[in-house]
Each structure stands twice: as C-alpha cells, then as structure tokens.
Amino acid sequence: MSLLVVGLSHRSAPVSVLERAALHADAQVKLLQDTVAAEPATEAAVLATCNRIELYADVDKFHAGVAELSTLLAQHSGVGLDELTPYLYVHYEDRAVHHLFSVACGLDSMVVGEGQILGQIKDSLARAQVLHTAGRLLNDLFQQALRVGKRAHSETGIDRAGQSLVTFGLEQLALGAEVSDWARGKKALVIGAGSMSSLAAATLARVGVAEIVVANRTAERAERLAEILSDAGDVVARAVPMDSVPDELTRADVVVSCTGATGLVLTAEAVAAGRGWVAQPGADEVPPPFGPGAAPSGTTARGSAEPSGEENCPLDLPPMPVTPGFSVLGEAAVAGMAASELEQHAAWVDNAPRPQGSVPVVDPAQEADVIAALAATVAVIGRVPERRRPEPVAEIPRPAPSLFLLDLAMPRDIDAAVHRLGGVRLVDIESLAEASADAPMAADVDQVRRIVADEVAAFGAALRAAHITPTVVALRTMAADVVASEIARLDGRLPGLDDKQRGEITQTVRRVVDKLLHAPTVRVKQLAAEPGGAGYADALRTLFDLDPETVAAVSRAEDSTSDEKDRGSS
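No experiment lies behind these values; they were computed from the predicted model shown. Residue positions are counted from 1 within each chain, in the order its sequence is given. In view of the model being predicted, local features appear only for residues whose pLDDT reaches at least 70, and side-chain atom pairs are presented and counted only at 80 or more, with totals across whole chains, interfaces and linings using the full set of residues. Excluding hydrogens and water, the side-chain values take into account all heavy atoms of the structure.

**A short note on the pattern of salt bridges**
Take a side-chain nitrogen of Lys or Arg and a carboxyl oxygen of Asp or Glu: if they are within 4 Å of each other, that pair is a salt bridge. Inspection of every chain in the model, using the stated rule, returns 21 salt bridges. Of the charged contacts in the structure, one is a salt bridge between Arg151 and Glu155, with a shortest N-O distance of 3.0 Å. Residue Arg151 and its partner Glu155 are located together in helix α7 (residues 136–155), separated by four residues, close to a single helical turn. Exposure categories follow from relative accessible area, calculated using a 1.4 Å probe and restricted to protein chains: below 20% of the type maximum is buried, above 50% is exposed, and the middle band is partly exposed. Judged by relative accessible area, Arg151 falls into the partly exposed class, the value being 25%. Residues Glu248 and Arg251 are paired through a salt bridge, measuring 3.1 Å at the closest nitrogen-oxygen approach. Of the residues examined, Glu248 reaches a relative accessible area of 7% and is grouped as buried. When its relative accessible area of 43% is taken as the criterion, Arg251 is described as partly exposed. Helix and strand assignments follow DSSP, with helices taken as H or I runs no shorter than four residues and strands as E runs no shorter than two, numbered in order from the N terminus.

Take a look at the structure:
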C-alpha cells in the first residue's frame, strides 16, 4: 500500500476556485466514506482549511488512485472535474509525507510560520478516527506531522517568519500602523464562534479593542466565547443572535467574519444600510466626463446626446475617458480609421439631432469640420494620425475608512462589492494571498526545511522497517514452533529425562535458534529501512517458505493493536 495526496490550495488555484470547492462538514464526512469505499483506497483523511482542500489516502494503485481521488474531490466540491483538474496537485509516497510535514510546520501556509494549521491537522485526524477511515498509516502519518510541527515551532524562530492569518489580516486593515495603536478603543463585531472566529476574538482582545460582540447561529457557543473573553482580560464581551448583526453594524468599527455559511452573511446593501453610506467608483470604474459630479442630464459618459443615443452611430466606437475641452466624438475616437468610415461618422455627427438642454463639449459644426479635415488627410497618408491622447483621469480620492471588515471565510462571508462603499476597508482571503505573496521569509525557514527533510527520512525508514516486522515476527514464530515440535519428539524418544534435563535441552535449542536468527533479522530490518528495501520482506518469506497468511495475520493483529492505542490517545 502507498500514500497518495490529491489537493488544491492557494498556491495552485485562484481564490474563486477555492471558494467554490470549499467542503462543509457534512461533505467532508461523505467524501471520507466514499473514498474508503472506492476500490484503490483503504484509508482516507481530509485536510480542509480556508485556503486548502487535500485528500490523503492509502492506495494500492497510483494511477487508479489519482483518478479516483480527483473524481471524488470534484463530485463532493461541486466543481466539475475538467475545471478542477488544472488546479490539482498530486504527491506520492515520500513526497506526500514531505508535503504534509511542510504544511504542519507552516511552510505551505498563506502566512509562513502560522501555527493554526496544527489544530486543523489534529481535527482532520480526529474526524478520520471517529469515522474509522484512518488506519495505521494515516494515524502514524498525521500524529508524526503534529510532532514535526511542534518541533519546528519549539526549535526554530519560524514564528517570527509570519503570524496567524488573523494577525496578518489585522495588519492589512491597519494599513501600516501598529495594530495595537490602530485597534485601541475600537468596537469589534465577530461573526461566528468556531476556531478561526475564536482566534480572531482572542487576538482582538489582546491588541486592545474596547468591546467585542459575538454573533453566532448557536447562541450557546456565542455566549461561551463571550464569557471566556470577559474572564480572560479587560475587554467587554457580549453575545448576540445573528439577527442582531444589522443593529450591531451601526456601532462596530471592526467586523471579523468566519462562518461555515454557503452564502453571503453580509451583503454590500446590508453594510450600506447599516452605515448610511453609498457606493463610490472604484479604480476600475470610469468617472463621468464632467468632473467629480454626475454627467449633466441628457448626456452620456461618452459625450453623446440622449435620447438619440449612440446606438444610431454607424461606427462601433469604444468608450474613452474625457478631458476638458476634448470630445470623444472627435479626433481621438476616430484616430486610425479609414476615409469611408470617417465620412459616415462625420455625416452622423453633423446631422444627429440635439435635444434641448444638452451640453456639448465641442460645437457640432466645428467637430464636423475637424473630421472633414482629417478625412482629407487620410486620403494622402491612408490612416488618420493620432495627434494627441487624453490625459489620464486622476483617481477619485476615497474617504478614510471608518469601518474595517476582515473576511476569513471560504467561501466568503462578506460581499466583495463592499469595497465600493466609501469609508469601508475590506480585507479577505484573496487580498491576503496577494499581500503575502512577496512577504519576506525569516532565515529560520531554512532550518525548518532541514527539520522536515530529516523527519521525512526518519518516517520513511520507520515505515519501511515496519513493513518487514510482520515477516520477522512470522519467522520467529515458525522457529519457536519448530523448537517446540523437536522437544516434543525428544520427549517421546527419551522418556526418562527429568524436568531439569528437559529444561536444559529446551533452553539450549532455543539459544541456538535465537543466535542463528539474530544477525539475519537485525540486518534485514536495517536493510529494509533503506530506500528500495521493501523487497527484503519478500526475500525472507521466500527463503524460509513462510506462509503468507501467517504474515498477514501478524500484520492485522498489529494494526488492531495500533488502532486501539490511537483511539485511546485521541
């Protein structure tokens, strides 16, 4: 059997795909059950966080395993296989072990070095144990990953390389200011009471907010979290039902949301209604051509008059920004056009009806003359020369934010359109991914990588050595049976032996057998632990003609003992 992982994360897929592929708790349970029911897999575990979805399995066939796990991920995530496949990564055997150990150490996190992933790995193992989808391999793997992650955090300064996703998100909200200075005295609303929301609430309390309101669908969990926060520090904390969120929005300075909802928890309309704000044009919107205000009645942003509209224009002119004293129906709009097109355009500009009250940027007659002159030029040079371009339109200044929103959910809880509201700053998983892409990594990262490499080698050696252990046990069991059989035969041939003599002979024979087997069995374990050593178990079974069923029975007994031990320690 072999370890296989198929997954996608913030490193392989855009946030939009991760958001759609997010697995809620029930979907994770069904995915695990269907995976172990599939032919190639005997064990399975799911690691699902806000920025990764990974399916681990013990499979007997690589290609069939990849195909089956990919199909199952697509089915349970709701994203089509053809769409999902380009973003999937596959790790096998030692590479799969290396990947999970790196994840456990925070090397593969959006914020390098964050420690919250350890809790998520622990939860994944516990879920697989409860559902009995984790056998000996995945139990050993995930428990070792937890030990490796703890070792990395205790022996290195990886914590200095990054912070938790919550802390990093608050730093982005603070826009370069000290988080404690930015947060001091603010009122915070935390939506959700799960592990991420609890971490966010605790972090907000630590950095000095004055009040924390916890909203959750389950009132008991919200009340419990508020009680813990109140007991732990100076912050004032209280719990409210989810239907109180609109009222709390009118008082909150900071909102952190991380729920398991499949739809939006906060829409842009709800935020705007709660604060009395209106949408502001974003960087991707073209401002109206008449300065910071709206375009005059009867005109469009392209300068054409209504109600005749531009649909009557014989040309398909692209919209262009406008500078004072320059018409988009003039030179820049027609630069590069042929003479026949210009003649059509000139006739349309000259004859288009103008409703009363319109405010043309340039006199139509003058504009028609300009176009006629350009048409004459085009007859000589073939195309219209582009003599001048409009100046870039200055970005409309946005008001300083007074409401800060941090969305840590996947799929998102807060409508991305709230960024168009003046006075609102939104940081979500997508913007965090962009901000962390160029974040410097501490020198301790190299030390953690060395730890991971050493631990992967040690785990592989232990796994290969464990693979031969049932064969060695079966060999020693067979030798003990041979000794017992020969002693019984000796009793029949020498019935006059007393107990002392019989005991001496038995001990002598056993010592001889033990000494003969000691060196080969010790050596074969050493050889089996080395890369490529899996074949030594087969060689041992062949040389000593061991019954395969006896070896399998020993292996099953060890797995059963290991499972009971794992359940007792979880």
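**A short note on the confidence of the model for the chain**
In low-pLDDT segments, the atomic positions of the prediction should not be examined closely. pLDDT is a per-residue confidence score from the predictor, ranging from 0 to 100. Residues at a pLDDT of 70 or more form 74% of the chain, whose mean pLDDT is 79. Contacts were defined at the residue level, with two residues in contact if any of their heavy atoms lie within 4.5 Å. Taken together, the stretch residues 281–311 has pLDDT below 50 and engages in 46 contacts with residues farther than four places along the chain or on a different chain.

**A word on helix α2 (residues 25–37)**
Counted at 1.5 Å a residue, the expected span for α2 with its 13 residues is 18 Å, and the 19 Å between its end C-alpha atoms agrees. Of the residues making up α2, those classed as buried are Ala27, Gln28, Leu31, Leu32 and Thr35. The buried side chains of α2 occupy one side of the element, clustering within an arc of 135 degrees when seen end-on. Turned more than 90 degrees away from the buried face of α2 sit Asp26 and Ala37, all of them exposed. In this scheme, a helix's expected span is set at 1.5 Å multiplied by one less than its residue total. As used here, the arc belongs to the directions running from the helix axis to the C-beta atoms.

**Some thoughts on the sheet that holds strand β2 (residues 41–49)**
The sheet built from four strands is open, its strands ordered β2-β3-β1-β4 with antiparallel pairing. Edge positions in the open sheet fall to β2 and β4 (89–92), since each of these has one partner strand only. Put simply, the sheet's adjacent strands are angled 15 degrees from each other on average, direction ignored. Following DSSP output, two strands are said to pair if at least two bridges run between them. Pairing analysis gives eight bridges linking strand β1 (residues 2–9) to strand β3 (residues 52–59), with the strands arranged antiparallel. For Gly7, the partnering residue across the bridge sits in β3 and is Glu54. Axis definition: a line fitted to C-alpha atoms, limited for helices to the stretch in contact. Angles are taken between N-to-C directions and run from 0 to 180 degrees. Against the sheet, α7 touches β1, β2 and β3, its axis set at about 30 degrees to β2.

**Observations concerning the side chain of His153**
Mapped onto the secondary structure, His153 falls in helix α7. Classification of His153 by relative accessible area gives buried; the value is 16%. Apart from the residues within four sequence positions on either side, His153 is in contact with Cys105, Gly113, Glu114, Gly115, Leu118, Ile158 and Asp159.

**Looking at the packing of helix α5 (residues 94–104) against helix α18 (residues 444–493)**
The interhelical angle for the contact between α5 and α18, taken along N-to-C directions, is 135 degrees, at an axis separation of 9 Å. When the interaxial angle is binned, α5 and α18 end up oblique. Judged by the twist between their axes, the crossing of α5 over α18 is right-handed. When α5 is examined against α18, the residues Asp94, Val97, His98, Phe101 and Ser102 are found in contact with a partner set consisting of Val452, Glu455, Val456, Phe459 and Arg464. Angular relationships are summarised with four words: roughly parallel below 35 degrees, roughly antiparallel beyond 145, roughly perpendicular across 65 to 115, and oblique for the angles in between. For a crossing to be left-handed, the near helix must be turned anticlockwise from the far one by less than a right angle; the clockwise case is right-handed.

**Points about the packing of aromatic side chains**
Any two of the Phe, Tyr and Trp rings considered here, Trp counted by its six-membered ring, make a pair once their centres fall within 6.5 Å; the pair's planes then place it as stacked at under 30 degrees, edge-to-face at over 60, or tilted in between. Within this structure, the stated rule accounts for four aromatic pairs. Seen in terms of ring centroids, Phe101 and Phe459 are 5.9 Å apart; in terms of plane orientation they differ by 80 degrees. Their pairing is edge-to-face. Residue Phe101 is found in helix α5, and its partner Phe459 is found in helix α18; the two are separated by 358 residues along the sequence. In terms of burial, Phe101 and Phe459 fall into one category: buried.

**A look at unusual backbone geometry**
The peptide bond linking Met410 to Pro411 adopts the cis configuration, its omega dihedral lying at 5 degrees. Even without glycine at this site, Glu93 takes up a positive phi of about 55 degrees. Position of Glu93 among the secondary structure elements: in the loop between β4 and α5. On the basis of relative accessible area, Glu93 is assigned to the partly exposed category, the value being 30%. Unlike most non-glycine residues, His132 shows phi in positive territory, near 60 degrees. Inspection of the secondary structure puts His132 in the loop between α6 (116–130) and α7.

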